[in-house]
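Here's the letter readout for the chains.
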Amino acid sequence: MKPARALFLVLIALLLIAWLGRGESPTTKLRADADGLALTPPMGWYPWNEFGQEPQNEELIKETAEALIRSGMKDAGYAYIGPDEGICFSRDATGKLTSNLARYPSGLRGLGDYLHARGLKYALYTDAGTHTCSKAMPGTKGHEFEDMKAFADWRADYVKIDWCNTEGQNPEQAYSRLRDAQLAAARPIVFSLCSWGQGQPWKWAAWVGHLWRTTGDICPPGKASWATAMQNAAANGKLYAAAGPGHWNDPDMLITGMRGLSEAQNRSFFSLWCMMASPLIAGNDLRNMTPSTIRILTNREAIGINQDPLGIQGRIVRREGAVEIWAGKRLFDGSQAVLVFNPASAPVQVEVTAGDVGFAEPEALYIRDLWKHETTGPRSGNIPVVVRSQDAALLRVSRTDSFPLPPIIVADSYRAVFRATANTPLESTQAITVRNNGSGALPLWKVRPGLPSWLSVSVSQSGNTETFSNKVSTAGLAKGHYHAVVRADNHEPLSGLPMSALYYDVDLEVD
Ligand code: GLA
């Protein structure tokens, strides 16, 4: 064969191999690609930062859930809530996990139902080792499959799995086994890995779970530490390349609103976590919040940066003395987020350049201040920013002055319950309403096919609210308990990107 012809054939073969291998990039194997969970950073509340182990009980979780709703946090997107390490369950003689009814009189399933009825999602906690950190509860080691089945039976939507008492265990192997156990239990669950960065989960955990701790604890319970928070931000900030929709770096829960922080520190802390696309899991006492804490935690313009569907983790693009300029975070509408953080003890003025922001000069740009809620511009050239000590300016820079918010999905309930009498056919409908508190209306949610024959779901729309009508028909059903998990998918209309899948439970009791 002539050399030119042989070369041509080799080239064709290489092109064919490349074509056949397309779509085999690691991104097609993310866990979230299959379950559609946590395509934006999870938002919610866990008790640990403020309370530690005590007093964790049903009353605290319920009171906090009510406070989360009352304060406007639910409407701003916070949804996952539940106990952290406390004394929630034990292992009985048969090896099965059982709820601690003294502390959780409704049982852990009852608590899940309570939260779901209020349109909240249920978060639980366990450990990959033999015990949880204080040894107050059993860990999952050697019981992964039964335990993840118990969590599914309790209707957990989110599980944080700690790394205490894991001598001799390998994080990637242990957490992968727990992933397999969750998949076997067949309930969609956001998996939060908590090995404090051990085993470098940012290198492999996107295929295992949805978020992973990158650092040690942000504070001991009840004692917010500004210094540790800054260390966590610095370490987590370097890992920006590992984050994206469905797979997040987690520099630990929020300390916003805890004792000992100034308003400026609360604001800059929250700005950093928004800019790093970090999970926003509040850790303060939601029942006793100052108006300033509520304003910070519910600032939808800041949350919009965090919940952006592109899921880019911003990074430090430049330092001017101690001042950090964070950018590199393009948003779904083509605008850019910029954070100027001044950790120093005196106020500063810096000039943010078009280059920092990622726009070519000399464009005329609009600048939105996400804490002052003011737009200036159009202007070209540098953007002068004045920032007080330990405070932050969080900006959005755009070619237009529209600054839309990404979707913020809020449901009135995540559970529909039907009761019927056997041999008396029942046709009944219950509605679940889902609102977009971001900008504008969404396309219709698309319900995944494959529902059981007794259930049908249709979706209708009115403005930014969509109603899921769940219709059950019990003709021919024997006595028993029937359960289905409904999944619906949607996409953000401006960017066309998939949104986190919406899941809820339907229970049918035929007596
Ligand atoms: C670890 C985790 C914390 C908390 C405690 C509970 O330290 O990192 O977030 O869950 O365990 O003991």
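Residues numbered from 1 in each chain as written. Predicted model: local features only at pLDDT ≥ 70, side-chain atom pairs only at ≥ 80, totals over all residues. Heavy atoms only, no water.

Asks: Which residues make up the site of the ligand, and what values do they have?
Replies: As a structural note, the neighbourhood of the ligand is formed by Trp48, Asp84, Glu85, Tyr125, Cys133, Lys160, Asp162, Cys194, Trp196, Arg213, Asp217 and Met253. Within the contact set of the ligand, an oxygen atom lies 2.8 Å away from a side-chain nitrogen or oxygen of lysine 160. Between the ligand and aspartate 217, the relevant distance is 2.5 Å, taken from an oxygen atom to a side-chain nitrogen or oxygen of the residue. When the ligand sits alone it has 310 Å² of accessible area, and the protein chains cover 94% of it. Residue composition of the shell around the ligand, by class: 6 nonpolar, no polar and 6 charged. (Near = heavy atom within 4 Å. Polar contact = N/O pair within 3.5 Å; in protein donor to acceptor, adjacent residues only side chain to side chain. Areas by Shrake-Rupley, 256 points an atom, 1.4 Å probe, with all protein chains shown as cover. Nonpolar A, V, L, I, M, F, W, Y, C, P; charged D, E, K, R; others polar.)

Asks: Got a sec to walk through the sheet that holds strand 16 (residues 374-379)? Specific residues and values, please.
Replies: A sheet is described by the order of its strands in space; here 6 strands give the open sequence 11-12-13-18-15-16, paired in antiparallel fashion. Only two strands of the sheet have a single neighbouring strand rather than two, namely strand 11 (315-320) and strand 16. Averaged over all neighbouring strand pairs, the angle between strand axes comes to 25°, with direction disregarded. One ladder, built from 5 bridges, connects strand 11 with strand 12 (residues 323-330); its direction is antiparallel. Among the inter-strand pairings, arginine 319 is bridged to a residue of strand 12, identified as glutamate 324. Most of the contacts of helix 9 (residues 263-275) go to strand 13 (residues 336-341), to which it runs at about 145°, and overall it touches strand 12, strand 13 and strand 18 (392-398). (Pairing = 2+ DSSP bridges. Helix = DSSP H or I, 4+ residues; strand = E, 2+ residues; numbered from the N terminus. Axes fitted to C-alpha atoms, helices over the stretch in contact; angles between N-to-C directions. Contact = heavy atoms within 4.5 Å.)

Asks: Explain the packing of helix 6 (residues 144-153) against helix 7 (residues 171-185) residue by residue, including any values.
Replies: Axis separation between helix 6 and helix 7 bottoms out at 8 Å; the angle between their running directions is 50°. Accordingly, the angle class assigned to the pair helix 6 and helix 7 is oblique. With respect to the hand of their crossing, helix 6 and helix 7 are arranged in right-handed fashion. Note on element contacts: helix 7 touches helix 6 through Arg177, Leu178, Asp180, Ala181, Gln182, Ala184 and Ala185, opposite Glu144, Phe145, Met148, Lys149 and Ala152. Grouping the constituent residues of the contact of helix 6 with helix 7 by class yields 7 nonpolar, 1 polar and 4 charged. (Parallel < 35°, antiparallel > 145°, perpendicular 65-115°, else oblique. Left-handed = near helix turned anticlockwise from the far one by under 90°.)

Asks: Now, about the state of the cysteines: what can you tell me, with residues and values included?
Replies: Within this structure, the stated rule accounts for 1 disulfide. Here cysteine 194 stays free of any disulfide, with the sulfur of cysteine 133 as its closest cysteine sulfur at 7.3 Å. Its sulfur unpaired, cysteine 274 is 18 Å from the next cysteine sulfur, which belongs to cysteine 219. (Disulfide = S-S within 2.5 Å.)

Asks: Tell me about the packing of aromatic side chains, and please be specific about residues and values.
Replies: The final tally for this structure, using the stated rule, is 13 aromatic pairs. Taking 5.2 Å as the distance between ring centres and 35° as the angle between the ring planes, the aromatic pair formed by tryptophan 163 and tyrosine 175 counts as tilted. Residue tryptophan 163 is found in the loop between strand 6 (158-162) and helix 7, and its partner tyrosine 175 is found in helix 7; the two are separated by 12 residues along the sequence. As far as burial versus exposure is concerned, tryptophan 163 and tyrosine 175 are alike and both buried. Ring pairs connect the aromatic residues Tyr46, Tyr80 and Tyr158, which therefore count as one cluster. Over the aromatic face of tyrosine 114 sits the side chain of arginine 118, whose NZ or CZ is 3.7 Å from the ring centroid. (Phe/Tyr/Trp six-rings, centres within 6.5 Å; stacked < 30°, edge-to-face > 60°. Buried < 20%, exposed > 50% of the residue type's maximum accessible area, 1.4 Å probe, protein only. Lys NZ or Arg CZ within 6 Å of the ring centre and 35° of its normal.)

Asks: A description of the pattern of salt bridges should follow, citing residues and the corresponding values.
Replies: Per the stated rule, a full pass over the model turns up 36 salt bridges. We note a salt bridge from glutamate 54 to arginine 103, for which the minimum N-O separation is 2.9 Å. Of the two residues, glutamate 54 is situated in the loop between helix 3 (48-51) and helix 4 (58-70) and arginine 103 in the loop between strand 4 (97-99) and helix 5 (107-117); the sequence distance between them amounts to 49 residues. Judged by its relative accessible area of 44%, glutamate 54 falls in the partly exposed class. When the shortest N-O distance is used, the salt bridge between lysine 62 and glutamate 58 registers 2.8 Å. Taken together, the positions of lysine 62 and glutamate 58, both in helix 4 and 4 residues apart, correspond to about one turn of that helix. Several salt bridges share partner residues, and in doing so they unite Arg109, Asp113, Arg155, Asp157, Arg187, Arg415, Asp505 and Asp507 into one network. (Salt bridge = Lys/Arg side-chain N within 4 Å of Asp/Glu carboxyl O.)

Asks: Please give an account of the pairing of strand 12 that cites residues and values.
Replies: Of all 8 residues making up strand 12, 6 are buried, and the element is well covered by its neighbours. From the end of strand 11 to the start of strand 12, which pair antiparallel, there are 2 residues, and glycine 321 there has a positive phi angle of about 65°. Here 5 bridges tie strand 12 to strand 13, and the two strands are oriented antiparallel to one another. If you follow glutamate 324 over to strand 13, its bridge partner there is phenylalanine 341. Turn length for the strand 12-strand 13 hairpin, with the two strands adjacent in sequence and antiparallel, is 5 residues, and the turn residue glycine 334 shows positive phi of about 90°.

Asks: An account of the side chain of threonine 298 is needed here, citing residue identities and associated values.
Replies: Summarising the element assignment, threonine 298 is placed in the loop between helix 10 (291-297) and helix 11 (300-306). Since its relative accessible area comes to 19%, threonine 298 is described here as buried. Not counting residues up to four positions away in its chain, the partners in contact with threonine 298 are Ser71, Gly72, Met73, Ala76 and Ile303.

Asks: Describe in detail the side chain of glutamine 53, supporting the description with residues and values.
Replies: Along the polypeptide, glutamine 53 turns up in the loop between helix 3 and helix 4. Taking relative accessible area as the criterion, glutamine 53 reaches 18% and is therefore assigned buried. The residues touching glutamine 53, leaving out its near neighbours within four places in the chain, are Trp48, Glu85, Gly86, Ile87, Arg103, Ser134 and Ala136.

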